[in-house]
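Architecture and fold: a report
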Amino acid sequence: MAHKVDKARSKSANSTKKEATSDKRPKSSKKKRTKYIPEEEELLSSKEWLKRYGLKPLGLHLENLMSSHKHSSQFIRVTGHRVGAKYCDVFPKVKIRGEKMHMELHHHELVQYEENLDHVISRYLRRWRWLLLGPHRVFGTILEESIVICIDTSGSMITVINELKRELCALLWTVIKPNKIKFNIVQFASQITKFRDNTVEPDYDTCLAAAEFIGSMMAGGNTCTLEALTEALGDTSASATYLVTDGKPDTSCRAVLKHVASLEKQQKIHTISLNTSDEEAISFLKTLSKQTKGRYHACVAGFEGNIITHQLLSNNLPASLQSEEEKTLTIPPYSGDDLRLLSKAITKARKFMVNSQKYRDLIADHSGDTEMLDLQISGSEMIPTANPDEVSAFGV
């Protein structure tokens, strides 16, 4: 009997310990948000990079930060008036999309938010500058472990062929070899010349031979894009093809798209336009990349993007201390997928910063007032209202 009592006591003691342990370290089913962005650049498309380090994953999306609840009131027959709930005098009233809400934000929370956002904007700009430098400027980001690079060496490429050869060699030694990316090169004009029959390992001797192959390229002839893609897509060891060209194929664009769609093995084709101003050619390259679930990249000519990035990064001031001229620096638009998405994210973050500062000022000005702020939102612009103090809290 005593043995059974001791056993029961030990069970109850164990259960008490388990309960105490579970109280101390409760299990959470929620996924932890990323709190920082690595300093080292990763070979990711901007779409994938922003999935990891965008404003929402980092918990810095201004709209999500502003938790709110609806304004509540009740009609009192004795007084003949509507009376708000107890919390209505504590939180400022605002109107968002026509609905009365109470915002539960404090001044210090917005200050902390702006400090974190400052750091993220600087990191976004460093990523943006990285995409504008070296071989990334011409070829974009190489994502796959096995690729075929198709280089247009037709007569129209004669003005850029030397620069292209230099950047292709830089891509070979700084990206392909260090990241052990299997590769092959297909040169096409009136005829097609392949570096190897299939993709090869990027060892030193192979890369040296590839550099010699690149050095021997000469511009001249027609643009047999269809035949080049047929050769590249016929390599079953490759995961993707990177097509570098400055214009349309000699055959019809529709014929190329139809041929690619008819292939049994669907392979990603990342298209790269080099100094292309022909709208029809750009449309063809965008369609080809989209059809194959690839990316479109436009080689950025000139130094406008680098100059603006330098201006934004070199002042070393938080956004709250920047001059009006620095705050209004416009990021030039890019048509390439990676730069376009990242530029959009930078613009969005900068608008959040401006709107957070204005909203913080509004909280200070209207704290304890019965007046209601009307926060009107439409797309990416702030709509001015009758009251000059009224402003959009979100802006995007």
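Note: the structure precedes this text.
All of these numbers come straight from a predicted model, not from anything done at the bench.

**Some remarks on the state of the cysteines**
All told, the structure shown has zero disulfides when counted by the stated rule. Cysteine 150 supplies the cysteine sulfur nearest to cysteine 224, a cysteine that is in no disulfide, at a spacing of 9.9 Å. You can call cysteine 224 buried: its relative accessible area is 11%.

**A look at the pattern of salt bridges**
Inspection of every chain in the model, using the stated rule, returns 12 salt bridges. Across the pair arginine 127 and glutamate 41 runs a salt bridge, and its minimum N-O distance is 3.0 Å. Here the residue arginine 127 occupies a position in helix 4 (residues 107-131), and glutamate 41 occupies one in the loop between helix 1 (2-24) and helix 2 (46-53), the gap between them amounting to 86 residues. A relative accessible area of 0% places arginine 127 in the buried class. Measuring nitrogen to oxygen at the nearest pair gives 3.8 Å for the salt bridge that ties glutamate 167 to arginine 137. Residue glutamate 167 is located in helix 6 (residues 161-176), and its partner arginine 137 is located in helix 5 (residues 134-139); the two are separated by 30 residues in the primary sequence. By relative accessible area, arginine 137 is classed as buried at 15%.

**A closer look at the packing of aromatic side chains**
All chains considered together, the criterion is met by five aromatic pairs. Plain terms: the ring middles of phenylalanine 195 and phenylalanine 213 are 5.7 Å apart, the flat faces sit at 55° to each other, and that makes the pair tilted. You can see phenylalanine 195 sitting in the loop between strand 8 (192-194) and helix 7 (204-215) and its partner phenylalanine 213 sitting in helix 7, a full 18 residues away along the chain. The same class applies to phenylalanine 195 as to phenylalanine 213, namely buried. Among the aromatic residues, those joined into a cluster by ring pairs are Trp49, Tyr53 and Tyr124. We note arginine 196 situated over the ring of phenylalanine 195; from NZ or CZ to the ring centre the distance is 4.1 Å.

Definitions and cut-offs
- Position numbers for residues start from 1 in each chain and track the written sequence from start to end.
- For this predicted model, a pLDDT threshold of at least 70 governs which residues receive local features, and a threshold of 80 or more governs which side-chain atom pairs are given and counted, while totals over whole chains, interfaces and linings are taken from all residues.
- In computing side-chain values, all of the structure's heavy atoms are included and hydrogens and water are not.
- Disulfide assignment relies on a single distance test, namely cysteine sulfur atoms paired within 2.5 Å.
- Type-normalised accessible area, obtained with a 1.4 Å probe on protein chains alone, sets the label of each residue: buried when under 20%, exposed when over 50%, and partly exposed for intermediate values.
- In the sections that follow, a salt bridge refers to a side-chain nitrogen of Lys or Arg positioned within 4 Å of a carboxyl oxygen of Asp or Glu.
- Strands here are runs of E lasting at least two residues and helices are runs of H or I lasting at least four, both read from the DSSP assignment and numbered beginning at the N terminus.
- Between the rings of Phe, Tyr and Trp (Trp by its six-membered ring), a pair exists once the centres lie within 6.5 Å; its type follows the angle of the planes, with under 30 degrees stacked, over 60 edge-to-face, and the other angles tilted.
- For a ring to carry a charge above it, either NZ of a lysine or CZ of an arginine must fall within 6 Å of the ring centroid while also lying within 35 degrees of the normal to the ring plane.

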